[in-house]
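# Topology and contacts: notes
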Amino acid sequence: MQPETATTPALEATVLVSVGRHPVTGRARRADQDARGVELAKSLPNARVGLLYAGHLGSDNESALRGYLGMGFETLSLLEQPEGADVLPALAEALEASSPQLVITGERAEQGEGSGLLPFLLAERLGWPLVTSLAAVESVENGQATLLQALPRGQRRRLKVRLPALLTVDASAPAPRQSAYGPSRRGRLDTRAAEASEDTAWAEWQVQPARKRPKRLKIVKATSARDRFKAAAAKAEGGGGQVLSDVTPEEGAEAIFKLLREEDVLR
Amino acid sequence: MLDILLPILIFAALAVAAVGAWRRSRLWRQGRHARVDLLKGLASMPRRYLVDLHHVVERDKVISHTHVATAGGFVAAALLMILVHGLGLAEGVLGWLLLLASASMFVGSLFVARRRRDPPARLSRGPWMRLPKSLMAFSVSIFVITLPSVGLLPEGVLTGAFGTLFALILAVLVTWGLAEMLVGMGWGGPMKHAFAGALHLAFHRRPERFSTRHGGEGRSTALKALDLNDPDTTLGVEKPSDFTWNQLLGFDACVQCGRCEAVCPAFAAGQPLNPKKLIQDMVVGLAGGSDAHYTGSPYPDRPVGEHHGTPHGPIVAREGKALVDAETLWSCTTCRACVEECPMMIEHVDAIVDMRRFLTLEHGQTPGKGAEVLDNLIATDNPGGFDPGARMHWAADLELPLMSRRGQAEVLLWLGDGAYDMRNQRTLRALVKIMRAAGVDFAVLGDEERDSGDVARRLGDEATFQSLARRNIATLDQYRFARIVTCDPHSFHVLGNEYGELGGHYRVSHHSTFIGELHDAGRLAFRPWKGGRVTYHDPCYLGRYNGEFEAPRHVLRALGIEVAEMQRSGFRSRCCGGGGGAPITDIPGKQRIPDMRMGDVQETQADLVAVGCPQCTVMLEGVVDSTADVRDIAELVAEALTDQTDQTAATAGESAQPEASLAREVA
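Residues numbered from 1 in each chain as written. Chains lettered and ligands numbered in written order. Predicted model: local features only at pLDDT ≥ 70, side-chain atom pairs only at ≥ 80, totals over all residues.

### Comments concerning the overall build of chain A
Selection rule: A helix here means a DSSP run of H or I that spans at least four residues, while a strand means a run of E at least two residues long, and both kinds are numbered starting from the N terminus. With C-beta atoms placed from the backbone, a residue counts as buried when 20 or more other C-beta atoms lie within 10 Å of its own, as exposed when 12 or fewer do, and as partly exposed for counts between those limits. Residues are scored as being in contact if the C-beta atoms we place from backbone atoms lie within 7 Å.
Within chain A, the regular secondary structure consists of nine helices and 14 strands. Each principal axis of the C-alpha atoms in chain A carries an extent, and together these give about 60 × 55 × 45 Å. Out of the 267 residues belonging to chain A, those deemed buried represent 29%. Pairs at least 24 residues apart make up 72% of the contacts formed inside chain A by residues separated by at least 6 positions.

### Some details on the overall build of chain B
To keep things clear, this is the line we draw: The size measure is the radius of gyration over C-alpha atoms, and the globule rule it meets is 2.2 Å times the number of residues to the 0.38 power.
Looking only at helices and strands, one finds 27 helices and nine strands in chain B. By the compact-globule yardstick of 26 Å for 667 residues, chain B fits well, its C-alpha radius of gyration being 29 Å. When the 667 residues of chain B are sorted by exposure, 52% land in the buried category. Excluding contacts between residues fewer than 6 apart, the proportion of contacts in chain B whose partners are at least 24 apart in sequence is 77%.

### Focus on the sheet that holds strand β4 (residues 442-444) of chain B
Residues and elements named next belong to chain B. Rule in force here: When DSSP finds two or more bridges between a pair of strands, those strands are recorded as paired. The convention used is that axes are lines fitted to C-alpha atoms, helices contributing only their stretch in contact, and that angles between N-to-C directions extend from 0 to 180 degrees.
Ordered in space as β4-β3-β5-β6, the four strands form an open sheet in which the pairing is parallel. The open sheet terminates on both sides in strands that have one partner only, identified here as β4 and β6 (508-510). Pairs of neighbouring strands in the sheet enclose a mean axial angle of 35°, with direction left out of account. Sheet analysis places strand β3 (residues 408-414) next to strand β5 (residues 480-486), joined by six bridges and oriented parallel. Residue pairing across strands places Trp414 opposite Thr486, the latter belonging to β5. Packing against the sheet, helix α21 (residues 511-520) makes contact with β5 and β6, and its axis sits at approximately 85° to β6.

### A word on the packing of helix α5 (residues 131-150) of chain B against helix α6 (residues 160-186) of chain B
Relative placement of two packed helices is described by the angle separating their axes and the distance separating the axes. All names here are of chain B. The criterion, for reference: Relative orientations are named as follows: roughly parallel for angles under 35 degrees, roughly antiparallel for angles over 145 degrees, roughly perpendicular for angles from 65 to 115 degrees, and oblique for any other angle. Crossing handedness is defined as follows: a turn of the near helix away from the far one that is anticlockwise and smaller than a right angle gives a left-handed crossing, while the clockwise case is right-handed. Residue polarity follows a fixed list, in which Ala, Val, Leu, Ile, Met, Phe, Trp, Tyr, Cys and Pro are nonpolar, Asp, Glu, Lys and Arg are charged, and the others, Gly among them, are polar.
Here α5 crosses α6 at 130°, and the two axes come no closer than 8 Å. The angle between the axes of α5 and α6 places the two elements in the oblique class. Judged by the twist between their axes, the crossing of α5 over α6 is left-handed. Touching Ser134, Ala137, Phe138, Val140, Ser141, Val144 and Ile145 of α5 are Leu170, Leu173, Val174, Trp176, Gly177, Glu180 and Met181, all from α6. Of the residues belonging to the contact of α5 with α6, the class tally is ten nonpolar, three polar and one charged.

### Quick notes on helix α4 (residues 88-98) of chain A
Spacing of three or four residues puts side chains on the same side of an α-helix, whose turn is 3.6 residues. All names here are of chain A. Quick reminder of the rule: The directions from the helix axis to the C-beta atoms form the arc being described.
Along α4, the positions that sit buried rather than exposed are Ala90, Leu91 and Leu95. All buried residues of α4 project into a common sector of 125° when viewed along the axis, lining one side. Opposite the packed face of α4, turned more than 90 degrees from it, sit the exposed residues Glu96 and Ala97. Buried residues in α4 make contact with β1 (11-16), β4 (47-55), β5 (75-80), β7 (102-106) and α5 (118-126). Positioned one or two residues after α4, Ser99 has a phi angle of 40°, which is positive.

### Some thoughts on the interface of chain B and chain A
Of the residues lining the interface, 15 residues belong to chain B; the matching set on chain A comes to 14 residues. Here the residues of the side of chain B that touches chain A are counted per class, giving seven nonpolar, six polar and two charged.

### Focus: the sheet that holds β5(A)
Residue and element names in this part refer to chain A. The parallel open sheet is built from seven strands, whose spatial order is β8-β12-β7-β1-β4-β5-β13. Here the strands that pair on one side only, and so sit at the sheet edges, are β8 (130-131) and β13 (188-193). Direction of pairing for β8 relative to strand β12 (residues 165-169): parallel, over a ladder of two bridges. Bridge assignment links Val131 to a residue of β12, and that residue is Leu167. Running at roughly 145° to β5, helix α3 (residues 59-69) makes contact with β4, β5 and β13 of the sheet.

### Section: the nonpolar core
In plain terms, the rule: By convention in this section, buried Ala, Val, Leu, Ile, Met, Phe, Trp, Tyr and Cys residues joined through C-beta atoms within 7 Å make up a nonpolar core.
One finds Ile434(B) and Val637(B) to be the most contacted residues of the largest nonpolar core, which totals 183 residues. With near-sequence residues (within four places) excluded, Val637(B) lies in contact with Ile434(B), Ile515(B), Val555(B) and Leu559(B). Counting residues in hydrophobic clusters, the runner-up holds 48 residues, among them Tyr68(A), Ala85(A), Val87(A) and Ala165(A).

### Section: the environment of Gln111(A)
Tracing the sequence through the fold places Gln111(A) in the loop between β7 and α5. The spatial distance from the C-alpha of Gln111(A) to the C-alpha of Leu88(A) is 16 Å, given a sequence separation of 23 residues.

### Here we look at unusual backbone geometry
Residue Pro164(A) follows Leu163(A) across a cis peptide bond; omega there is 0°. Tracing the backbone shows Pro164(A) in the loop between β11 (156-162) and β12. Backbone geometry places Asp301(B), a non-glycine residue, at a positive phi of 70°. Relative to the assigned elements, Asp301(B) resides in the loop between β1 (289-290) and β2 (308-309). Positive phi is not limited to glycine here, since Met345(B) has a value of about 60°.

### Observations regarding the domain arrangement of chain B
Residues and elements named next belong to chain B. Going by this rule: Domains are outlined according to an automatic or database domain assignment.
Each assigned domain of chain B is listed here: domain 1 (2-204), domain 2 (234-363) and domain 3 (375-659). Placing a centre on the C-alpha atoms of domain 1 and another on those of domain 2 gives a separation of 29 Å. Listed as interface residues are 27 residues of domain 1 and, on the opposing side, 29 residues of domain 2. When contributions to the side of domain 1 that touches domain 2 are tallied by element, the ones reaching two or more residues are α1 (2-28), α2 (38-57) and α7 (192-202). For the side of domain 1 that touches domain 2, the element with the most residues is α7, which contributes seven residues.

### Observations concerning the environment of Gly364(B)
Mapping Gly364(B) onto the fold places it in the loop between α14 (348-363) and α15 (370-380). With 97 residues separating them along the chain, Gly364(B) and Asp461(B) place their C-alpha atoms 9.5 Å apart. The residues contacting Gly364(B), other than those within four sequence positions of it, are Gly70(A), Arg177(A), Gln178(A), Ser179(A) and Ala180(A).

### Description of the confidence of the model for chain B
Residues and elements named next belong to chain B. Rule in force here: Within a predicted model, pLDDT stands for the predictor's per-residue confidence, ranging from 0 to 100.
When pLDDT is averaged along chain B, the result is 90, and 96% of the positions lie at 70 or above. This stretch, residues 649-667, has a pLDDT under 50; its non-local contacts, to residues over four places away or in other chains, come to 29 contacts. Across the whole predicted complex the pTM is 0.89, and at the interface the ipTM reaches 0.85.

### Remarks on the packing of helix α17 (residues 422-437) of chain B against helix α26 (residues 633-640) of chain B
Residues and elements named next belong to chain B. Orientation of α17 relative to α26, taken along the N-to-C sense of each, is 50°, at an axis distance of 8 Å. Regarding the angle of α17 to α26, the classification is oblique. Relative to α26, α17 is oriented so that their crossing is left-handed. Residues Arg426, Thr427, Ala430, Leu431, Lys433 and Ile434 of α17 form the contact with α26, whose own contacting residues are Ala634, Glu635, Val637 and Ala638.

### Section: the confidence of the model for chain A
For chain A, mean pLDDT is 87; residues scoring 70 or higher make up 94% of the total. Every residue in residues 1-7 of chain A scores below 50 in pLDDT, and together they form zero contacts with partners more than four places removed in sequence or on other chains.

### A short note on the pairing of β5(B)
Residues and elements named next belong to chain B. This is how it is decided: Place the viewer so that the strands point away; then a crossover is right-handed whenever the path from the first strand over the helix to the second strand goes clockwise.
As defined by bridge partners, β5 adjoins β6 across three bridges and the pair is classed as parallel. Residue pairing in the sheet places Thr486 in a bridge with His510 of β6. With helix α20 (residues 489-498) bridging β5 and its parallel neighbour β6, the resulting β-α-β unit is right-handed.

Right under this line is the structure:
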């Protein structure tokens, strides 16, 4: 219809994928959040989507990575890294070289360090904006993307972001499509050499299975069923919170520090 | 005049029919290669026709006799006609035999005409409505023309003005008859069923399903394994030409009698499946065109004429419409009622699973909860996504002997995924109680057991099936046991019939068979039945798939129960709706299949329906406001055990040890 759209070059999107770990059996699988990221990228109109994985390739990992290929890809770019390496420099270099407009990834890995810090460090290093908890990409026009960010309790916030940008998805993004065996088997793992940088801190750490964190009890003092229902359905009220705007970084930091003291996070 | 005209007509019709037949066979040869022993097939064709096919047709006595008279008369008349009128060999007995054959065909055609006067909905109309008239035209004209040849009418009767006119009318009738009966065979008329059907019997994809002269009922119901080693081939069937050539031939043999439609549970439930239409759609696909000329019942709620296909075009479109909709393929419960009823021995279910394989393995489009179930099977080896380490939690207090500790046992008790289901756990506990009461030396695999792969395979995920099957086989190979006993007919079928192709050969028994044997051996004694009226629901995978109709009834009789049979029982049992992953894909219809089945139960006024399958239990118990309770046979037996059994168990338990040493290695 419009001549501009016909000549618009395809949107280059790269999805960073990782090898997931099934919560019950611990078997390698495509990571849920990353798969949601792939689904989100696949649903973008007029986008050229590439998959990028940096890490070690074992036989278990391979079938998990092929799970992403089964979502309808011919290749997956693989930056070979030794086990326990810090993949951040390799990823940043690869992204700088290929310069996609959108980079999508899951919030945190399902195994390994899994701190959820990688997107932040990567965005910092690339100098790109980062949007977390992405629910949908509404449109991409003139180097600007309109995004829908997921907030607690089903709320959504519309954001405009200048590209290139790094987006992370969590469980509020659309569920990933089924991985089909045929394409996953036929797809190619395109291995590229990448410089490995040793993660010295990680090597010193001791790893043990995580314990479920206790939840803060919500005490409901209700006498009737109606009150109990209201309490269950009610929105969490902030109450004690305060909004700071137009403050200096020092004032902001001071306010956060004070809150952490109050909550006994810092002693 | 007719002396000259008849040989010309006959040989011209034969020639045109031969050209048509050759063209038709080229359509079939578009299919994939299949290894078929052509000569052996052709040699066994008469037996397959006269015994196996007739066995199915005979279920409707009137039609069976009609078909014998008509088809037998026609084949004899056609052959004799070539000799008598084509080659002029009227002397002696041949002419009289021809008279007899055409008369028989005429009598048969009268019955065909009677059935076509107000045909049931399952029959196709269109060209089929003219068939009785064509049969009559052929039989009457051949009969009359033969009268002078045997001397019943003077030779000169067809001369003179009146005689010539009469001869012309006869010539027209003969031409009509030949056109329908011979030319129509090769060129796709209703009589195509005879030509394609005969070859289909000869070159059938499952020659092992037919009985042999040495006795024994042939039964082959296992799906054929897919070769997963070649990464470049398409997995499953995308296009009509992806079927093997003898599958295409099988589709073309369909006589559109609609017996499949009449028994299909999905069709009755208003889901968009009609086995007859599906086969006709495949015929449309192999010849190319649209389904607008189809004259039978459509898929419920799907108008005819909107779908079209070509031999090398997709059967199911990723978007939009092609030959069939995906929902049609996913509505099937794989109950094989259609296959059991089909007089042309067409394999509907295998074709459906072949097409599902493509949708799952290549498109990744398993509907409903399919994708989730398959992911669970891959990650946790059970469809529910439960912890494999929790498989034996239900039996925490039973101290079941584990194969990993014992290494061998007489009986390996295969629990199935019902171990995670609280309803089926009651059945399993009952079964364990029976085993202990009879002093059977048994053991379970415990946490080493995995899903048998039945659901994955029927959802089209052959890769996951083979992965599960190979790992199960590797586990079973470590232990020595005489046989496997299971209360799940799906596991029973897969372990017994489908693991063989992957290298696992086992003797598998359904628990009803095993309990029957224990009772016959005097190792179980029952209190007489005091409950109400009982009916029995045949699970498809036990009955139709494996021919075990008698053992459950035998056990019920031993319990003192007189089974009030449902109208649809035995090989005609109606599916509970739980097979083939149908509850997982959950294609909407107008009513639920289990509701209809409980309606059947209600008709018998039974207070209790005995079942022998965890799927059936779940499906039938899920029916709201049902008038009958649902109990597994094992539960009924466990409740009826007397103390006397426990005493025999004590002695039998000691004698069980030598039996254990008899446990042979099953490789």
